[in-house]
Structure formats: structure tokens, C-alpha cells
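Inside the fold
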Amino acid sequence: MSTNPPNLRPDLAPQAKISTPARPGQPTIGMVSLGCPKALVDSERILTRLRAEGYGVSPDYAGADAVIVNTCGFLDSAKAESLDAIGEALTENGKVIVTGCLGAEPDYIREHHPKILAVTGPHQYEQVLDAVHDAVPPSPDPFIDLLPAQQVSLTPRHYSYLKISEGCNHKCKFCIIPDMRGRLQSRPAHAVMREAERLVDNGVKELLVISQDTSAYGVDIKHAEDRGHRAHITDLARDLGSLGAWVRLHYVYPYPHVRKLIPLMAEGLVLPYLDIPFQHAHPDVLKRMARPAAASKTLDEIAAWRDTCPDITLRSTFIVGYPGETEAEFQTLLDWLDEAQLDRVGCFQYENVEGARSNALPDHVAPEIKQDRWERFMEKAQAISEAKLAAKVGKRLDVIVDEIDEDAATCRTKADAPEIDGNLFIDEDFQNLKVGDIVTVEVEEAGEYDLWGRQIT
């Protein structure tokens, strides 16, 4: 049992879990998946295709004939992490194929690791397969290696990420994701629903809807309707809510039409949870970021959401120390946070990223000032979280069981996404529980980020 750390990077996905054993003589591929949940979905798709061609999936370097490293290029620190992972794979295995966001910079990768076999960019599945075929020719057994009934999953069986689009049409100055992943490309709604139905049929209890900009879903295909499903986030959320699983929305920008999602949450069709990347609150900082600069109107929107759905949980991420950020602008952010009273908050210290337009902005903030502001921001966010969780003591909440060990059952409430939010621990009379169970608990104790409770059903 472990409590949730307060400073998890919000761009990270849960650690990939691989457990399918290979048959004797089967060529096997290892996978190191870094970065966000969207990259984890890419890894799942690559492994599903390879599994259908007769490859096994190895959980370690020693058992793999080659290793795919799916990289992250979100920040310079993430790039360094990706380079380290590539180096480790080369040392431990020797045959390494690189893909993902950092793969959009092949010369940069080869400069550091010239012995890699191939480099492909994000969601270039065919090129990854070609590289695997060259490195480790397939050797399928037609009597054993059949197309699996469900896709290879790198998350626990009871929840799954559901990617509804690729790319992004925003031009935030600090971000290079649109340069790497391209403009918005929405999946047809009927295809999303078909995948969601298959996941639920195979035991998934929670669908985590992800994209670069979830609320823009369908804009690029003019909200096309096909086979009874319309490519609009409100329609899609309603359709997903009919499947009987928990539906959690991530990366939702606060466009006006988002307010139409809130009644679906009040009705119980969609979890009362919104993950919205506000990034800052001072209008001048937001303008320098090239983001919408209407923080006061955002407070009005938040109030309206809570009026419609009082139980709504709001999660967001922020950047402190953005170029030009003054102490007064930072104080505006702290004051805004006091008013907004967000439930879940992540925070980055600004970093230059090669290719980002923000690098050229004047008045970069000194590292020690960024650190000081981050600490002050997190101190306030922690106090808000602690007070909100304390108010839940005595309440009855539905929770989903993620893990069980000798000390406790680690669960999540509807207010908690995997890995990035808090946990609820049941540390007495939990032996009858199974991973994936959804049960009702009474909250008995609260901490800064986590809850403790007892099962009542």
C-alpha cells in the first residue's frame, strides 16, 4: 500500500503491464512505453498488430528478440528520460526500435544513440511493423497464433484508455505536440463506440476518454454522423454512458459547449469529473502562452458547472515560471486558485523545449524563482485538497478496486483518475474484494491527497 505522491507529472501514463507468456520458439518483442496515456494507446495498438502476426510480448529485456521504445517529447526532461530509456534498452538487449513523439527528431536520437535499428514518428504503426519485420522476421504458428479476441492491453483489465482523436489545432507557444502529432484528426464516432463496446464486453469497468483536445472532437469532420453515432463530444459522451461503464473525460478545453456535458454528469451517464488544462490565470500570461485569456469568465463557468452538478470534480494543470511571469501575475494565479477551489491540481515549472516559440520570449524566470513559486503553488493546492477531502469524511462513495496486497485494497473514487489523482484505502475486512470490483464505502479518514474507508456493501 502506498499513498499518492503530490507531484506526479500529469503527462505520464500508468506503467505498462505485460503478462502474456510466449510459446516455445515464438519471436518476442519487448515494449518500453513512456509519456502520456495517448502514447500508451499507441503502444497497445502496435503490440496488438504484432500479436496478430504471431509475435509474443516479452515483459523483460532478456526475453525479447528486439525492443520497441515509445518515446515522449513533451519537455526537455521527458526527452532526456526517453534517451536514457533507449540507452538502457541498447545496453540490456542491443536491438532497439524507436517510435513516438521524440521519433519526429531522428537525427537528434541517432546523434546520441547511433546503434538503434530504426526511428519512426508518432502513430506511424506501419513503419514500426516494417522495422520489426526487418529486425525479427515473423514466424507464426497457424494453429496457435490467431488474431486475439481483444487488443493487447497495457493497463489493468478493469480500465482502459479510449483515444478518440489524434493531433491538435491549438498553437500554444510552449507546446510542440501539434508539430509532432499534427492537426486534429477525429476518429469516426461509430469506430470509437465499436471499440468501447468491445472493451466493456471484455470486462472493462472504466473508460478513460483521451485526446489532445477532447472538447474539439469531431470539429475536423464537421461532426459527421454515421451508423447512428454523431462525432460530437456531447453525443459521444451520451452514447458511451449508455454502455454501463464509468466514463471519465480527460483533456477537456473549457469551450462554451462543455456546459452541455454537465447535465450528463448530473444524470450519472458520465462521471462527474473534468480534466481541464487551464495552465494559468493571469490574462497577460495566458496571452503570452497564446491561450484563451478569460480567467474571470472561467470562474463563472466553474460556478455554473457546480450549480448543475454539485459533486463535480475538477482537475487541472498549471505552469509556473513562464517567461515574463511577474510576482504580481503569479499572485493572481494563487488568488484565482483560492476562488476556483479545484479538487485536483498538477503543476509544471516552465521548461524550454526545442522548437517551441516560447523559447524566444524575453524575461525568462530564474530557476530558483520557479522552484519557489512551484512550492508556494503546491502548498496552496495541497491545503485545498486536504480541506476538500476532509469534507468527505462520513460520506458514502462508490469506489473501484485497483490493487490488493496484504495491507489493504487500493481503490479510487469517481473523483480519482488512475495514477494522477488520489486513492481510497480499505485496510480492514477487504479480503473478499477482487480487482475491478465496484463497491460502496463509508469514508472514515482523510489525508492531504488520499482517503481511508470501510466497505458497507
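These numbers come from a predicted model, not from an experiment.

**Here's the deal with the overall build of the protein**
On a plain count of helices and strands, the protein comes out with 12 helices and 20 strands. A compact globule built from 457 residues would reach a C-alpha radius of gyration of about 23 Å, and the protein, at 22 Å, matches this within 12%. By its C-alpha atoms, the protein is 60 × 60 × 50 Å across when sized along the principal axes. When the 457 residues of the protein are sorted by exposure, 56% land in the buried category. In the protein, the share of contacts with a sequence separation of at least 24, taken over all contacts with a separation of at least 6, comes to 74%. A gap of 6 Å separates the mean positions of the 48 positive and 71 negative side-chain charges of the protein.

**Quick look at the layout of surface pockets**
Taken as a whole, the largest pocket spans an internal volume of roughly 710 Å³. Around the largest pocket, the lining comprises 30 residues; the ones closest to its centre are Pro 272, Asp 311, Ile 312, Thr 313 and Leu 397. Broken down by secondary-structure element, the contributors of at least two residues to the lining of the largest pocket are strand S12 (246-249), helix H8 (262-267) and strand S16 (396-404). In terms of residue class, the lining of the largest pocket is built from 15 nonpolar, five polar and 10 charged.

**Quick word on the nonpolar core**
Residues Leu 240, Leu 274, Trp 305, Phe 318, Trp 336, Leu 342 and Phe 377 are the most contacted members of the largest nonpolar core, which totals 53 residues. Counting residues per element, this core draws most heavily on helix H11 (residues 327-340), at six residues.

**Focus on the sheet that holds strand S4 (residues 96-100)**
Pairing in this open sheet of five strands is parallel, and the strands run S2-S1-S3-S4-S5 from one edge to the other. The outermost strands of the open sheet, each flanked by one partner alone, are strand S2 (56-58) and strand S5 (118-119). As paired elements, strand S1 (residues 28-33) and strand S3 (residues 66-71) share five bridges and run parallel to each other. Bridge pairing in S3 places Ser 33 opposite Asn 70. Along the sheet, helix H2 (residues 76-92) contacts S1, S3 and S4; its crossing angle with S3, the most-contacted strand, is approximately 175°. Each of S1, S3, S4 and S5 touches helix H4 (residues 125-135); the most contacted strand, S4, lies at about 180° to it.

**Structural notes on helix H7 (residues 233-241)**
Burial within H7 is extensive, with eight of its nine residues counted as buried. Those residues of H7 lying buried are Ile 233, Thr 234, Asp 235, Leu 236, Ala 237, Asp 239, Leu 240 and Gly 241. Contacts from the buried residues of H7 go to strand S6 (159-163), helix H6 (189-201), strand S9 (206-210), strand S11 (229-230), S12 and H8.

**Considerations on the pattern of salt bridges**
Applying the stated criterion to the full structure yields 26 salt bridges. Among the ionic pairs, Asp 402 bridges to Arg 412, the shortest N-O distance being 2.5 Å. Here Arg 412 lies in strand S17 (residues 409-413) and Asp 402 lies in strand S16, a separation of 10 residues in the sequence. You'll find Asp 402 and Arg 412 in the same group, each marked buried. Taking the shortest distance from any N to any O, the salt bridge between Arg 454 and Glu 442 comes out at 3.5 Å. Placement of Arg 454 in strand S20 (residues 451-455) and of Glu 442 in strand S19 (residues 438-446) is noted, with a sequence separation of 12 residues between them. What you see here is one network of salt bridges that share partners, running through Glu 325, Glu 327, Asp 372, Arg 373 and Arg 376.

**Looking at the side chain of Glu 206**
Locating Glu 206 in the fold gives a position in strand S9. With relative accessibility at 0%, the residue Glu 206 sits in the buried group.

**Some points on the packing of H6 against H7**
H7 packs onto H6 with a crossing angle of 25° between their chain directions and a minimal axis gap of 10 Å. Considering the angle they form, H6 stands roughly parallel to H7. Taken as a pair, H6 and H7 cross one another with a handedness that is right-handed. Between H6 and H7, the residues in contact are Val 192, Met 193 and Ala 196 and Leu 236, Asp 239 and Leu 240, respectively. Residue classes in the contact of H6 with H7 are distributed as five nonpolar, no polar and one charged.

**Here we look at the side chain of Lys 392**
With respect to the helices, strands and loops of the structure, Lys 392 is situated in the loop between helix H12 (367-390) and S16. There is no salt bridge for the buried Lys 392, and the closest opposite charge comes from Asp 343, which lies 5.7 Å off by N-O distance. When residues no more than four places from it in sequence are discounted, the contact partners of Lys 392 are Arg 344, Leu 397, Ala 415, Val 443 and Leu 451.

**Quick word on the pairing of S19**
Strand direction decides the pairing type here: S16 and S19, joined by five bridges, are antiparallel. Among the inter-strand pairings, Ile 400 is bridged to a residue of S19, identified as Ile 438.

**Re the packing of aromatic side chains**
As enumerated under the stated definition, the model contains eight aromatic pairs in all. Ring pairs connect the aromatic residues Phe 278, Phe 318, Trp 336 and Phe 377, which therefore count as one cluster. The ring of Tyr 108 has Lys 79 lying over it, and the distance from NZ or CZ to the ring centre is 5.7 Å. Looking at Arg 412, its charged tip hangs above the ring of Tyr 159, at a distance of 5.3 Å from the centre.

Thresholds applied
Residues numbered from 1 in each chain as written. Predicted model: local features only at pLDDT ≥ 70, side-chain atom pairs only at ≥ 80, totals over all residues. Heavy atoms only, no water. Helix = DSSP H or I, 4+ residues; strand = E, 2+ residues; numbered from the N terminus. Rg over C-alpha atoms; globule rule 2.2 N^0.38 Å. Buried < 20%, exposed > 50% of the residue type's maximum accessible area, 1.4 Å probe, protein only. Contact = heavy atoms within 4.5 Å. Lys, Arg positive; Asp, Glu negative; His and termini not counted. Charge placed at Lys NZ, Arg CZ, Asp CG, Glu CD. 1 Å grid on protein atoms, 1.4 Å probe; cavity = no way out; pocket = protein on both sides within 12 Å on 5 of 7 lines; lining within 4 Å. Points joined across faces, edges and corners; volume = space filled by probe spheres on them. Nonpolar A, V, L, I, M, F, W, Y, C, P; charged D, E, K, R; others polar. Core = buried A, V, L, I, M, F, W, Y, C linked by side-chain atoms within 4.5 Å. Pairing = 2+ DSSP bridges. Axes fitted to C-alpha atoms, helices over the stretch in contact; angles between N-to-C directions. Salt bridge = Lys/Arg side-chain N within 4 Å of Asp/Glu carboxyl O. Parallel < 35°, antiparallel > 145°, perpendicular 65-115°, else oblique. Left-handed = near helix turned anticlockwise from the far one by under 90°. Phe/Tyr/Trp six-rings, centres within 6.5 Å; stacked < 30°, edge-to-face > 60°. Lys NZ or Arg CZ within 6 Å of the ring centre and 35° of its normal.

Scope: geometric values only; no functional claims are made or implied.
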